[in-house]
Amino acid sequence: LFPYTTLFRSPMASSRSLGRPASGPLRQAGETQRRHRLSAPAEATLPPCSPTAQQPQAPAAKLQEDEDFEAEPQCTYNAERVIGNGTFGIVYSAHVVETDETVAIKKVFVDRRYRNRELQVWREMKHPNIVTLKHAFYTSGDSPDELYLNMVMEYLPETAYCSMKRYVKQRQNMPRVLVQLYTYQTCRALAHLHAGGVVHRDIKPQNLLVDAQRGHLLKLCDFGSAARVGRGRPGLVAYICS
């Protein structure tokens with residue numbers, strides 16, 4: 001558990017930004033990096049990170065250059081609360097001190113034997129009904145060989161699951177127009193994924209984020225189970241879906 005007063009400071013040498021610098025490709029581990037600082041809430045049971053941890057080694061799989069992310073300024077994140085907790089990581093809301101913006105950050109442990117498929121797929125998915133990935137960076141854990149990937153995304157206040165449960169508690173049916181609207185936007189997101197040869201494989205109300213204040217905008221999130229399909233690619237297992 002993090003004390004709320006603990007400042008999670010990722011030193012410039014120990015946090016590796018995935019944002020593409022304006023002047024060139026991704027910098028390799030050991031070069032000067034942009035700084036990310038994060039103070040975490042006491043209630044967040046996040047993977048432990050040490051402010052004084054040694055510089056982590058780069059993942060075994062070489063990351064491709066990212067042409068999509070803009071140059072990322074120095075950011076300070078004040079974590080507020082955990083908003084999602086799953087098998088592969090923890091998602092929490094955070095306040096960006098420099099911009100007064102609320103974002104969501106998904107933190108996952110990096111298995112050095114594999115390339116992170118979620119990051120690969122997500123950063124290519126640009127669509128109004130898919131949650132925007134803003135940038136990502138690495139932080140170290142308790143030991144030098146522990147590495148965590150932090151993916152910073154736009155924040156939406158609730159999920160379709162929460163919206164459905166609210167009507168259930170009131171013993172009401174969800175309005176038909178909302179069912180149609182959410183279904184239509186989900187299909188738009190899936191059509192965009194499928195056109196790019198990607199299957200999501202974890203469609204459920206908890207992965208459909210909605211914002212009632214923005215015309216009931218719906219956005220698909222969580223690409224941890226997503227995979228590419230097509231000719232020449234291996235077949236997919238049938239038991240991945242929750």
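Residues numbered from 1 in each chain as written. Predicted model: local features only at pLDDT ≥ 70, side-chain atom pairs only at ≥ 80, totals over all residues. Heavy atoms only, no water.

### With respect to the layout of surface pockets
Part 1: Within this model, the largest pocket holds a volume of roughly 750 Å³.
Part 2: In terms of lining residues, the largest pocket is bounded by 34 residues, among which G84, V91, Q206, N207 and D222 are the most central.
Part 3: Mapped by element, the contributors of at least two residues to the lining of the largest pocket are β3 (75-85), β4 (90-96), β5 (101-109), β7 (147-154), β8 (158-159) and α2 (160-169).
Part 4: Sort the elements by how many residues they give to the lining of the largest pocket and β3 lands first, with four residues. (1 Å grid on protein atoms, 1.4 Å probe; cavity = no way out; pocket = protein on both sides within 12 Å on 5 of 7 lines; lining within 4 Å. Points joined across faces, edges and corners; volume = space filled by probe spheres on them. Helix = DSSP H or I, 4+ residues; strand = E, 2+ residues; numbered from the N terminus.)

### Details of the packing of aromatic side chains
Part 1: For the structure on display, the rule yields three aromatic pairs.
Part 2: Judged by centre distance (5.7 Å) and plane angle (70°), the ring pair of F109 and Y148 falls under edge-to-face. Placement of the pair is F109 in strand β5 and Y148 in strand β7, with a sequence separation of 39 residues.
Part 3: Judged by its relative accessible area of 48%, F109 falls in the partly exposed class. (Phe/Tyr/Trp six-rings, centres within 6.5 Å; stacked < 30°, edge-to-face > 60°. Buried < 20%, exposed > 50% of the residue type's maximum accessible area, 1.4 Å probe, protein only.)

### Some points on the sheet that holds β8
Part 1: Read from one edge of the open sheet, three strands run β8-β10-β11, paired in antiparallel fashion. Both edges of this open sheet fall to β8 and β11 (217-220), since each of them pairs with a single strand only.
Part 2: Together, β10 (208-211) and β11 form the strand contacts of helix α3 (residues 176-195), whose direction differs from that of β11 by roughly 35°. (Pairing = 2+ DSSP bridges. Contact = heavy atoms within 4.5 Å. Axes fitted to C-alpha atoms, helices over the stretch in contact; angles between N-to-C directions.)

### Things to note about the environment of R166
Part 1: Within the secondary structure layout, R166 lies in helix α2.
Part 2: A residue is classified by how much of its surface remains accessible, and R166, at 37% relative accessible area, is partly exposed.
Part 3: Looking at R166, its side chain comes within polar contact range of the side chain of E158, at 3.0 Å. (Polar contact = N/O pair within 3.5 Å; in protein donor to acceptor, adjacent residues only side chain to side chain.)

### Some words on the pairing of β10
Part 1: Taking every second residue as pointing to the same face, both faces of β10 are buried, with L208 and V210 on one and L209 and D211 on the other.
Part 2: With two bridges connecting them, β8 and β10 associate as antiparallel partners. Bridging across to β10, E158 finds its partner in V210.
Part 3: Linking β10 to β11, which pair antiparallel, is a turn of five residues; within it G215 sits at a positive phi near 70°.

### Let's talk about α2
Part 1: Those residues of α2 that sit buried are A160, S163 and Y167. For α2, the buried positions fall inside an angular range of 65° around the axis, keeping them on one side. Opposite its buried face, α2 presents the exposed residues V168 and K169, each directed more than 90 degrees away.
Part 2: Those residues of α2 that are buried lie in contact with β8, α3 and β10.
Part 3: Immediately beyond the C-terminal end of α2, within one or two residues, lies R171, with a positive phi of roughly 55°. (Arc of directions from axis to C-beta.)

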